[in-house]
Amino acid sequence: MRFQSIVVIIFILTLTSFTTPPSIYRKGWIDLNKNNKKDIYEDPTQSIEARVNDLLSQMNLNEKTCQMATLYGWKRILKDSLPTPDWKNKIWKDGIANIDEHLNGFVGWTKRDESKFAADMNYHVWAMNETQRFFIEQTRLGIPVDFTNEGIRGIEAYEATGFPTQLNMGMTWNKSLIYEMGKITGLEARALGYTNVYAPILDVARDQRWGRLEEVYGEDPFLVGTLGVQMAKGLQQNNTVAATAKHFAVYSANKGAREGLARTDPQVAPREVEDVLLYPFKKVIKEADLQGVMSSYNDYDGIPVTGSKYWLTDRLRTDFGFTGYVVSDSDALEYLYSKHRIAGNLKEAVYQAFMAGLNVRTTFDKPDSIILYLRELVNEGRMPIDTLNNRVRSVLKVKFKMGLFDQPYVKDAKATRKLVNNEAHQEVALQASRESIVLLKNKDGVLPLQKGKKVAVIGPNATDADYAHTHYGPLHSPSVNILQGIVQKLGAANVQYSKGCDLVDQKWPESELLPEEPNAAERKQIDSAVTIAKQSEQVILVLGGNTKTAGENKSRISLDLTGHQLLLAKEIVKIGKPVVVVFIGAQPISFNWIDKNVKGIVYAGYPGVKGGIAVADVLFGDYNPGGKITLTFPRSVGQIPMNFPTKPNAQSDAGEHAKAKGLLYPFGHGLSYTNFQYSDLKVITPEINVNGSVQLSLTVKNIGARQGDEVVQLYIRDEVSSVTTYEKILRGFERVTLKPNESKTLNFSVPAHELALWNREMKQVVEPGKFTVMLGSSSENIRLKDSFVVK
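The text that follows walks through the structure, step by step, so that each part is easy to find.

Reading guide: rules and limits
Residues numbered from 1 in each chain as written. Predicted model: local features only at pLDDT ≥ 70, side-chain atom pairs only at ≥ 80, totals over all residues. Heavy atoms only, no water. Helix = DSSP H or I, 4+ residues; strand = E, 2+ residues; numbered from the N terminus. Rg over C-alpha atoms; globule rule 2.2 N^0.38 Å. Areas by Shrake-Rupley, 256 points an atom, 1.4 Å probe, with all protein chains shown as cover. Lys, Arg positive; Asp, Glu negative; His and termini not counted. Charge placed at Lys NZ, Arg CZ, Asp CG, Glu CD. Contact = heavy atoms within 4.5 Å. Polar contact = N/O pair within 3.5 Å; in protein donor to acceptor, adjacent residues only side chain to side chain. Salt bridge = Lys/Arg side-chain N within 4 Å of Asp/Glu carboxyl O. Buried < 20%, exposed > 50% of the residue type's maximum accessible area, 1.4 Å probe, protein only. Pairing = 2+ DSSP bridges. Axes fitted to C-alpha atoms, helices over the stretch in contact; angles between N-to-C directions. Phe/Tyr/Trp six-rings, centres within 6.5 Å; stacked < 30°, edge-to-face > 60°. Lys NZ or Arg CZ within 6 Å of the ring centre and 35° of its normal. Parallel < 35°, antiparallel > 145°, perpendicular 65-115°, else oblique. Left-handed = near helix turned anticlockwise from the far one by under 90°. Nonpolar A, V, L, I, M, F, W, Y, C, P; charged D, E, K, R; others polar. Expected span 1.5 Å × (residues − 1).

### Some details on the overall build of the chain
When its secondary structure is counted, the chain shows 21 helices and 31 strands. Relative to its length of 791 residues, the chain is compact, with a C-alpha radius of gyration of 27 Å against a globular reference of 28 Å. Based on the C-alpha atoms only, the size of the chain along its principal axes is roughly 80 × 70 × 50 Å. In the structure as shown, the chain presents an accessible area of about 29,200 Å², 49% of it carried by carbon and sulfur atoms. Taking the average location of the 95 positive side-chain charges in the chain and that of its 88 negative ones, the two points are 2 Å from each other.

Next up, the structure:
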């Protein structure tokens, strides 16, 4: 009753702030332009094209230009949580393309919005509706706003279902699970008032030092594209929300993994751009009808992407067939003059970006300057009105497709409360956490651990679940850290804990260059952990990285463990008790000493709000791990670049005499508590033409004593080609669950266009010849081989 009373009071105050139009809400339609007749754009039975054309014909220049800019939400740029009379004097009195991150709880990397409009779901839904109501009722044409928001591990909100980060989701290799995650994220987003989600991220990892690795599926373009298709389809099923992928294009090959303001000048050859960095965008646009793309900060070969007709029109729309709308990454438009210096001022940057193909400028600044410059450019005759109309047309099309003109409001806050972060959704998230965990090493069957023994949990990441509450996903959904998960499983009486050391030492990051011995206080921490370990029967070391050492603008110059974590590990191993290590963190770690001296190693990445439960399930055998790493783990930062796929012998150590050789772990590696046998590979179509598909099958059998998951990976090599091609390319994968002695036949179909290369004339063609097909448990653990021919 208290909530209802307060809402009534606020609603009355809001009503008195504006002139309320006559009833515009009719049976089956809304009289958006308040003219007492059903215009074509107001008629849900009309085609989207007809509705867009009708609306465009009624829009004036001010209204059109307002559909080309973003207004950042409350406590970012927007100073009001609800519409006020002053909004009638703001530039968005004529509408706005979208409002980003409105009332989602995020107001800064170290700040959270704890107000009722973010934290209380009832208030939140009401406030989102009232914000939308302003644009429906108080603007001339009633064009609804598109509420955009982040959502790569669940929708970014004060509370929502929290999934593992995107890299962890990649390590599940589970297409149906990714689709389910997208579906849940989309449903929760729409229930909270958000209609456009900035996901999936289709960047392909190229440098293990990069701070944003947590946000990508991995380093292989086929994997990224395939999972991206499923995520986009899940988000957009039944037009629940639009999916906006990022960052287009050539974004993740930043020079030396540099971030911050150095997001420029990627050093990538043209064929690698095509085969690796563009591949996922093309695949997701064509297969999932992606409705949004975010243009990136960077240039390529001297041409900034956000000011490039080649990238935003020729490739994105003409080549890939994109029909949605393009938003700029924050400051990408401004960088045309402030960083890249291809424009002399902001107005010229606006001209270049929108002439190139940008639809909506999105950044952490007021929308006024961009909108006013657009009006000037049209009035001066520099920007043709047809160009302006085309840019607006794409924005309106997406809004119509998502049903915003017909269902602009969230209907029922009680239904939202029942849906968002409900038990069924949490179960899916927990399963995702379990499936994402990778067993890297298990010598002598040290894992799973025995439940009946005293356990010491040691390490700075044992109690740190910060990764589950940071930007780009749910902020306050209750989480379970590793220590809590183990205590829940074993009982507090059977578990002792010691931090052992901080994640970083007092002089980090300088200590990456000038390492120091631990001071007295740090030594005391380590000694305390040793004492705890001696009192136990088995030790779980929880090490790695976290939000302090990785993330956006947090790339590193080293892949070694930070602070005194390695020293802590050495002191604990010296005791002689059974030790297993759990690594948290998105960046691969060069843990050579641990790999040599510890029998059991688990890579948990950033396992989500249920991560502690999932890790405990794996450690103590209640879940058999089946995840596979989607990043190459080098032995040293000095080996970088070291990626999959690779050109022939480009990463070979043969003939080397002055360096340590080999990898820690290759792309696709991951163990299980059971074993699998591969057999009966059959190439059903040994000869195909350039328009055909190769069909093949194989049998996988669980020959161990317990149920488990195997990720079967299909690789192909072009034996002879006109240009050098990769040693092997991933072109199929399936995660399969098998009981002991159970076998399953898997069928794969690879269309010939997936074998295409860019020839010497830089034309994409499928060349005739012999191709080797390889099936295995990782990129290096190949179990079966055969071949086929393209005629």
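Now that the structure is up, let's keep going.
### Describing the environment of Y351
Tracing the backbone shows Y351 in helix α12 (residues 346-356). Those residues in contact with Y351, other than ones at most four positions away along the chain, are L377, R382 and M383.

### A few points about the environment of R717
Residue position: R717 is located in strand β25 (residues 708-718). Separated by 116 residues in sequence, R717 and I601 place their C-alpha atoms 32 Å apart. Engagement of the side chain of R717 in a polar contact is seen with the side chain of E719, the distance being 3.3 Å.

### Details of the side chain of E274
Topologically, E274 is positioned in helix α9 (residues 270-288). Among the polar contacts listed, one links the side chain of E274 to the side chain of R315, at a separation of 2.8 Å. Those residues in contact with E274 that sit more than four places away from it in its chain are Y279, Y310, R315, W758 and M762.

### With respect to the pattern of salt bridges
Overall, the coordinates contain 46 salt bridges when judged by the stated rule. Between K401 and D289 there is a salt bridge, and its shortest N-O distance comes to 2.5 Å. Within this pair, whereas K401 is found in helix α14 (residues 385-401), its partner D289 is found in the loop between α9 and β10 (292-295), the two being separated by 112 residues in sequence. Of the residues examined, K401 reaches a relative accessible area of 24% and is grouped as partly exposed. D289 sits in the partly exposed class, given a relative accessible area of 34%. Its salt-bridge partner being R361, residue E334 comes within 2.8 Å of it at the nearest N-O pair. One end of the pair, E334, is in the loop between β13 (325-328) and α11 (335-338); the other, R361, is in the loop between α12 and α13 (368-379), and 27 residues separate them in sequence. Like R361, E334 is buried.

### Quick look at the sheet that holds strand β27 (residues 743-751)
Here we have 3 strands laid out as an open sheet, ordered β22-β24-β27, and antiparallel in their pairing. Edge positions in the open sheet fall to β22 (676-683) and β27, since each of these has one partner strand only. Taking the axes of each pair of neighbouring strands and ignoring which way they run, one obtains an average angle of 25° across the sheet. Judged from the 6 bridges that link them, β22 and strand β24 (residues 693-702) form a sheet pairing that is antiparallel. Within β24, the residue paired with F676 across the bridge is N702.

### What about the packing of aromatic side chains?
Enumeration over the complete set of coordinates arrives at 32 aromatic pairs. Seen from their ring centres, Y41 and F405 are 6.3 Å apart, and the 90° between their planes marks the pair as edge-to-face. Of this pair, Y41 sits in the loop between β2 (29-30) and α2 (48-58) while F405 sits in the loop between α14 and α15 (413-419), and the two are 364 residues apart along the sequence. On the numbers, 5.3 Å between centres and 85° between planes, the contact of Y603 with F633 is edge-to-face. With a gap of 30 residues between them, Y603 in strand β19 (residues 600-605) and F633 in strand β20 (residues 633-634) connect regions that are remote in the sequence. Grouping residues by exposure puts Y603 and F633 together as buried. Of the aromatic side chains, those joined through ring pairs into one cluster are W173, F222, F644, F667, Y715 and F733. One residue, R133, lies across the ring of Y409, its end atom 4.6 Å from the ring centre. Over the ring of F733 we find K175, and its NZ or CZ is 5.0 Å from the ring centre.

### Observations regarding helix α19 (residues 565-574)
Each α-helix turn comprises 3.6 residues. Residues three or four places apart therefore point the same way. When we look at burial in α19, the residues that qualify are Q565, L568, A569, E571, I572 and V573. Buried-residue contacts for α19 involve β15 (455-458), α18 (520-534), β17 (538-544), β18 (579-584) and α20 (592-597). Note on α19: the residue one or two positions beyond its end, G576, has a positive phi of about 100°.

### What to know about the sheet that holds β17
Strand order in the open sheet formed by 6 strands is β14-β19-β18-β17-β15-β16, with mixed pairing between adjacent strands. Sheet topology places β14 (438-442) and β16 (495-498) at the edges, where each strand pairs with a single neighbour. Strand after strand, the sheet turns through a mean of 20° between neighbouring axes, direction not considered. For β18 and β19, the ladder comprises 5 bridges, and the chain directions are parallel. Counterpart to V582 in the pairing with β19 is V602. Sheet strands in contact with helix α17 (residues 482-490) are β15, β16, β17 and β18, and its direction is about 165° off that of β16.

### A short note on unusual backbone geometry
For the peptide bond that leads from L447 to P448, omega is 0°, which places it in the cis range. Residue placement: P448 occurs in the loop between β14 and β15. Note that the residue after I640, namely P641, is joined by a cis bond; omega there is 5°. Inspection of the secondary structure assignment puts P641 in the loop between β20 and β21 (663-665). One non-glycine residue, Y472, adopts positive backbone phi at about 80°. When you line up the elements, Y472 lands in the loop between β15 and α17. Looking at Y472, the relative accessible area reads 8%, which means it is buried. For N553, which is not a glycine, the phi torsion comes out positive at approximately 65°.

### A few points about the packing of helix α16 (residues 423-436) against helix α21 (residues 611-619)
Axis separation between α16 and α21 bottoms out at 9 Å; the angle between their running directions is 50°. The angle between α16 and α21 places the two elements in the oblique class. As α16 packs across α21, the resulting crossing turns out to be right-handed. Between α16, through L430, S433 and R434, and α21, the contact on the second element is made entirely by G611, I613, A614 and D617. In terms of residue class, the contact of α16 with α21 is made up of 3 nonpolar, 2 polar and 2 charged.

### Topic: helix α8 (residues 221-236)
Counted at 1.5 Å a residue, the expected span for α8 with its 16 residues is 22 Å, and the 22 Å between its end C-alpha atoms agrees. Here α8 lies mainly inside the structure; 15 of its 16 residues are buried. The residue sitting at the N-terminus of α8 and contributing the capping side-chain oxygen is D220; that oxygen lies 2.9 Å from the backbone nitrogen of F222. Where α8 terminates, the next one or two residues include N238, which has phi positive at roughly 55°.

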